[in-house]
2 protein chains.
Amino acid sequence: MQNIDTLIHGRWVIPVTPGDPVLDHHSIAIHDGRIVEVLPTVDARKRYNAQVENHYPHHALIPGLINAHTHAAMSLFRGMADDLPLMDWLSNHIWPAETRWMSEEFVHDGSELAMAEMLRSGTTCFNDMYFFPDVTARLARKVGIRACIGLIVLDFPTIWASSADEYIDKALQLRDQYRSDALIRTPFAPHAPYTVSDAPLEKLRVLADEMDLPVHMHIHETAHEVNEAVKLTGIRPLQRLANLGLVSPNLLAVHMTQLNDDDIALLARSGAHVVHCPESNLKLASGYCPVQKLLDAGVNVALGTDGTASNNDLNMIGEMNTAALIGKAVASNASALNASQTLRMATINGARALGLETVTGSLEKNKFADIVAIDFSALEMQPVYHPVSHLVYSASREQVSDVWVAGKHLLKERALTTLDEQKILQKVRVWNEKITRQETENANERK
Amino acid sequence: MQNIDTLIHGRWVIPVTPGDPVLDHHSIAIHDGRIVEVLPTVDARKRYNAQVENHYPHHALIPGLINAHTHAAMSLFRGMADDLPLMDWLSNHIWPAETRWMSEEFVHDGSELAMAEMLRSGTTCFNDMYFFPDVTARLARKVGIRACIGLIVLDFPTIWASSADEYIDKALQLRDQYRSDALIRTPFAPHAPYTVSDAPLEKLRVLADEMDLPVHMHIHETAHEVNEAVKLTGIRPLQRLANLGLVSPNLLAVHMTQLNDDDIALLARSGAHVVHCPESNLKLASGYCPVQKLLDAGVNVALGTDGTASNNDLNMIGEMNTAALIGKAVASNASALNASQTLRMATINGARALGLETVTGSLEKNKFADIVAIDFSALEMQPVYHPVSHLVYSASREQVSDVWVAGKHLLKERALTTLDEQKILQKVRVWNEKITRQETENANERK
């Protein structure tokens, strides 16, 4: 008998490994935060002597979900402005609200709400892009959730920095601070081709190559973006980034709803990753990312929710459902984006895109124990023929019962262990009142 | 003080009446199963003396959701066969399974599971089309859920009837049995243009006109259906139905993913209703229903989930979310299908399509008290700026806390009052095992 920290017994284990197996009555052995072994429960009982042993008799154990594109703190703007065309939404609502409210406190409280929501819906790792990344990084570390905290870069001044150089200086400071952290990574996050000019992008590319850091960027989100760039520069934004050397295995190209065959070939050739955000793209009527085509071309596609203000949740269970459904319609093929492919997008593909393939994204020996238990006992989940299909087509966020990050039990029977739900609700209530008052004033002024 | 049965106090009441008001701190007075008044809570306390008084301090009270297209009993096939092209799905999985398993018991147990799921996700009325409608009708009456039980008609023999004439005979019997029932209605439900020939359709049209019954039919679900019909008959299926006099205010045309401008003009002119089933259409890659175009043309559009086998749930909260998101993408306009329009599709538009406009679909004096309480207290629902937008973009089925049909409290703090959840689960487990065994044998044979 081997002494270990934790043994988790599942009705099924879905490890998200090659061949997409669904393992009946399997268990996961965990020690020092890492997976020691995934094995049949009968064998686990004989082989391991665990300090903590948990039984999940109606559950599937899956790898923690990876939300590959978020603006976590924007959860405080959830549902503030909906059903609006992109530019009205941005210019008259989101940007003024950000200008009015942005502060360390806003980012802290919004990110806290977001982390609570993410854990409660099975996300163990998120890839963020927002102001005050230092605040979000510190909080993620405290909460124990895995996070890639984007080092934002823009041409224009904001509350975070006043010039591209200052953005990059602050980025490097933050990167140094977390360079050996087990939970926090710091990808570069230049906002978009139309908000960052060539000089800082070139600088950033050199640094990213040198430090082997991912580069997380909104690219080809709308037809307007691509058309304006072509008018101005004669080339498409992706091509411009390629000319700058940025289209490489370090790139996470978010949205990508406007792709021609040349773009797809360029992505495939370069080894760049695409982050698909179907609900945000649909809600803002931005267009359709041709996911099956990208997968067929060999491009790695991860999944993200985008910020709460354009979704309006951070729920990766729901996002998988939407991705699988819209993926078939866009491909005109009911076999496109099957349940297993969709689950891979939400797990291992995200890990690969973020350079975390050896760390998380699947349930395999030596990876960190980032695990989610999905409860299949509710009648909405009956009968069960194929657990992976149920996960994508029938489950909802309330089926997430337990969550571990690096072996730490962060959600226990739907209760958060490192966050105080009541305190979060109190803080959010204050923000809700303040922002509502201001929004009412703004609406009156517009009249 | 007026004595009444029930008084329900909500944080908000969203009555789904003209102008789409959201009423702060309002209450609903109920007597003899009907709404007596919707009024401010302060006034309700002075005016009414209720036997039962319920407080919903963090909830929105909305009209019961109307699922305008279901095959309830198919819930026993949930997730049995996914990610398959339509004809493979039907020919190799659904039809053989139906042939193998169809019985009164199957329809009873499947419909029971479906009704439990529907109530738990806020549906108070569903429009069904399936075998053994007598069984489903009897069960719905017992459970207390409002139901339109489709009188199915097909050209070919099935376990339910052996000829078009027998289908119609059985239809009329069932119609007579429930003609004065408060909960059950019996629309005709000829399956589709390609499965019912002119003679029975003509007969049925005469009967539907005479008895003022809705006609519920799958129409223009796929391009294949339309193309084959045009090859065979020279005209599109909708035009053929119009020639037969069936395109009228009695018609509920389900799916309608293949519509040209002439089709839309015909629907608008005739007063026929469209039932949009976005998740099923996406999952089977059938195409996109142009909902905003239909609404702009003045066509009444209702919302449905379709059967569980192609969705894979009966969750109208989720279906509203999908409808609103895909509606914007299809219209290339982020303002299309806004939250209020989407809620109307899931409530009053469904009532209108089913001829139940004076009965249900909104919270108004004299209508039956078909009501759903949506709990806004979870952190996934914070902060709250616009309750209707939250309902469509942030809520999930677990936010449904309480449900009343005709004043009867059928779901109480998420517990069913007229259905035994444990017994349902037991029965479904037996079906699950039987069907799994058979499916495994079939798969082995195919090898």
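Residues numbered from 1 in each chain as written. Chains lettered and ligands numbered in written order. Predicted model: local features only at pLDDT ≥ 70, side-chain atom pairs only at ≥ 80, totals over all residues. Heavy atoms only, no water.

### Some remarks on the relation of the copies chain A and chain B
Least-squares fitting of chain A to chain B yields an RMSD of 0.0 Å, with the superposition described by an axial translation of 0.0 Å and a rotation of 180°. Overall, the copies show the geometry of a two-fold rotation axis. Among all C-alpha atoms of chain A, that of Glu398 of chain A lies closest to the rotation axis, at 3.3 Å. In this assembly, 98% of the residues forming the interface of chain A have copies in chain B that are likewise at the interface, indicating an isologous arrangement. (Least-squares fit on C-alpha atoms with pLDDT ≥ 70 in both. Contact = heavy atoms within 4.5 Å.)

### Here's the deal with the pattern of salt bridges
Residues and elements named next belong to chain B. Under the definition given, this model contains 43 salt bridges over all chains. Across the pair Asp176 and Arg175 runs a salt bridge whose closest N-O atoms are separated by 3.6 Å. Across the pair Asp209 and Arg205 runs a salt bridge whose closest N-O atoms are separated by 3.9 Å. Of the two residues, Asp209 and Arg205 both sit in helix 6 (residues 198-211), four residues apart, roughly one turn of that helix. Residue Asp209 is classed as partly exposed on the basis of its relative accessible area, which comes to 42%. (Salt bridge = Lys/Arg side-chain N within 4 Å of Asp/Glu carboxyl O. Helix = DSSP H or I, 4+ residues; strand = E, 2+ residues; numbered from the N terminus. Buried < 20%, exposed > 50% of the residue type's maximum accessible area, 1.4 Å probe, protein only.)

### A closer look at the pairing of strand 13 (residues 273-276) of chain A
Residue and element names in this part refer to chain A. The alternating pattern of strand 13 places His273 and Val275 and Val274 and His276 on opposite faces, both of which are buried. Taking the sense of rotation as the criterion, the β-α-β connection linking strand 12 (residues 251-255), helix 9 (residues 261-270) and strand 13 turns out right-handed. Relative to strand 14 (residues 300-303), strand 13 runs parallel, the two being bridged by four bridges. If you follow His276 over to strand 14, its bridge partner there is Leu303. (Right-handed = clockwise from strand over helix to strand, strands pointing away. Pairing = 2+ DSSP bridges.)

### Description of the domain arrangement of chain A
All names here are of chain A. When its domains are assigned, chain A resolves into domain 1 (2-63 + 367-416) and domain 2 (67-353). The gap between the C-alpha centroids of domain 1 and domain 2 is 29 Å. Summing both sides of the interface, domain 1 and domain 2 together bury roughly 2300 Å²; the carbon and sulfur share of this comes to 66%. Together, Val392, Tyr393 and Arg397 form the three largest contributors to the area buried by domain 1 at its contact with domain 2, with a combined 25%. Between domain 1 and domain 2 we count two salt bridges in total. The residue Arg146 makes a salt bridge to Asp370 at a minimum N-O spacing of 2.7 Å. (Domains from an automatic or database assignment. Buried area = accessible area lost by both parts, 1.4 Å probe.)

### Some points on unusual backbone geometry
The phi angle of most residues is negative, glycine excepted, and most peptide bonds adopt the trans form. Note the cis peptide between Asn311 of chain A and Asn312 of chain A, where omega equals 5°. Structurally, Asn312 of chain A is set in the loop between strand 14 and helix 12 (316-331). Going from Gln382 of chain A to Pro383 of chain A, the amide bond is cis rather than trans, its omega being -20°. Residue position: Pro383 of chain A is located in the loop between strand 15 (371-375) and helix 15 (387-393). At Asp212 of chain B, a position not held by glycine, the phi torsion is positive, near 55°. Within the secondary structure, Asp212 of chain B is located in the loop between helix 6 and strand 11 (215-219). Taking relative accessible area as the criterion, Asp212 of chain B reaches 57% and is therefore assigned exposed.

### Section: the nonpolar core
The tendency in soluble globular proteins is for nonpolar side chains to be buried as a group. Among the nonpolar cores identified, the biggest contains 257 residues, and Phe77 and Phe106 of chain A together with Phe77 and Phe106 of chain B are the most heavily contacted of them. In this structure Phe106 of chain A touches Ala73, Leu76, Phe77, Trp101, Tyr130, Trp431 and Ile435 of chain A, once residues within four positions along its chain are discounted. (Core = buried A, V, L, I, M, F, W, Y, C linked by side-chain atoms within 4.5 Å.)

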